[in-house]
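Survey of secondary and tertiary structure
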Amino acid sequence: MTLINGCCNNDRNCQRMLYQWLFDYALKISYRYIHQQEEAEEMVHEAFIKLFKNIHRFEANRDGDTEALLKGWFKRIIVNTCIDQLRKVQLNIISMDQHPEQDIYADKQESGLDKMAYDEIIEAIRQLTPVYRTVFNLFVIEGLSHDEIAKTLDISVGASKSNLSKAKSNLRKMIAERSGIKNYV
């Protein structure tokens, strides 16, 4: 891909074209981890700096769709940049004990998903605490295992599982409230 070669040679036009092509993609990923719009954009800019500094490491000669491979490689940079930022602000990812008063919902909550638009679901995820949102995104959206999440976030596997469970519980509660479901078990 000549665009990648141009970026490897610090061609500003190629860098601008790559930036314009990937910006919205990067912002959507960043926004899953970082709740504030300005901070999410800042993480995107930091990820682009890392991309341009390390573009020479990208293996464009691998088998497969070069654009898809580049997007996947850049996605990893974005996610890691966001996680690093969450660590910098001293995000406390230590799992708390389960509270027995935690609400458990009847099976009716699935009907709430049918009533919600995509944007409402994304907004519900964004309302999770940074800890829960990060673990939820890594597990559900990025497809990482609890072992991988534990290593990435420097937490125990148990903390990862607990935080995912609490994230799902909180999402169920938000979805039930928005869809008018009042039946709790």
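Check the entry above for the structure.
Thresholds, definitions, all that
For every chain, the first residue of its written sequence is number 1, and the numbers climb from 1 along that sequence. Only residues with pLDDT of at least 70 are given local features in this predicted model, and only at 80 or more are side-chain atom pairs given and counted; all residues enter the totals for whole chains, interfaces and linings. With hydrogens and water set aside, each side-chain value is computed from the structure's full complement of heavy atoms. Counting from the N terminus, the helices are the DSSP runs of H or I reaching at least four residues and the strands are the DSSP runs of E reaching at least two. The classification of residues rests on relative accessible area computed with a 1.4 Å probe and restricted to protein chains. Under 20% of the type maximum is buried, over 50% is exposed, and intermediate values are partly exposed. Contacts are assigned to residue pairs that have any heavy atoms within 4.5 Å of one another. Per-residue and other accessible areas were derived by the Shrake-Rupley procedure at a 1.4 Å probe size, with only the shown protein chains allowed to occlude residues. A side-chain nitrogen of Lys or Arg and a carboxyl oxygen of Asp or Glu constitute a salt bridge if their distance falls within 4 Å. Side-chain rings of Phe, Tyr and Trp (the six-membered ring for Trp) are treated as a pair once their centres are within 6.5 Å; stacked means planes under 30 degrees apart, edge-to-face means over 60, and tilted covers the remaining angles. Note on geometry: a ring has a charge over it if NZ (lysine) or CZ (arginine) is within 6 Å of the ring centre and within 35 degrees of the ring normal.

**Re the overall build of the protein chain**
Helix and strand counts for the protein chain stand at nine helices and zero strands. Counting helices and strands in the order they occur from the N terminus, the protein chain gives α-α-α-α-α-α-α-α-α. Put simply, the protein chain has 185 residues, and 40% of those count as buried. Partitioning the intrachain contacts of the protein chain with sequence separation of at least 6 by distance along the chain shows that 71% fall at a separation of at least 24. Accessible surface, the protein chain as shown: approximately 10800 Å² in total, 50% of it carbon and sulfur.

**Here we look at the pattern of salt bridges**
If charged atoms from side chains of opposite charge come close, those side chains can pair. Under the criterion given, the structure shown has four salt bridges. When the shortest N-O distance is used, the salt bridge between D84 and K50 registers 3.9 Å. Taken as a pair, D84 in helix α4 (residues 66-88) and K50 in helix α3 (residues 37-54) lie far apart in primary sequence, 34 residues in all. Between E142 and K75 there is a salt bridge; the shortest N-O distance is 3.2 Å. Taken together, the positions of E142 in the loop between α7 (130-141) and α8 (146-153) and K75 in helix α4 put the pair 67 residues apart, joining distant regions of the chain.

**A few points about the environment of H45**
One can find H45 in helix α3. It is 9.4 Å that separates the C-alpha atoms of H45 and I78, two residues lying 33 residues apart in sequence. What H45 contacts, discounting residues up to four positions off in sequence, is Y19 and F23.

**Section: the packing of aromatic side chains**
Tallied over the full model, the rule gives five aromatic pairs. Between Y19 and F23, the aromatic rings sit 5.4 Å apart at their centres with planes inclined by 40 degrees, giving tilted as the arrangement. You can see Y19 and its partner F23 sitting in helix α2 (residues 12-33), four residues apart, about one turn around the helix. For F23, a relative accessible area of 17% gives the class buried. Geometrically, the ring pair formed by F58 and W73 is tilted, given 5.5 Å between the ring centres and 45 degrees between the ring planes. Here the residue F58 occupies a position in the loop between α3 and α4, and W73 occupies one in helix α4, the gap between them amounting to 15 residues. Accessibility expressed as a relative area gives 8% for F58, which makes it buried. Among the aromatic residues, those joined into a ring-pair cluster are Y19, F23, F48, F52 and F74. Cation over ring: K71 sits above Y25, and NZ or CZ is 4.8 Å from the ring centre.

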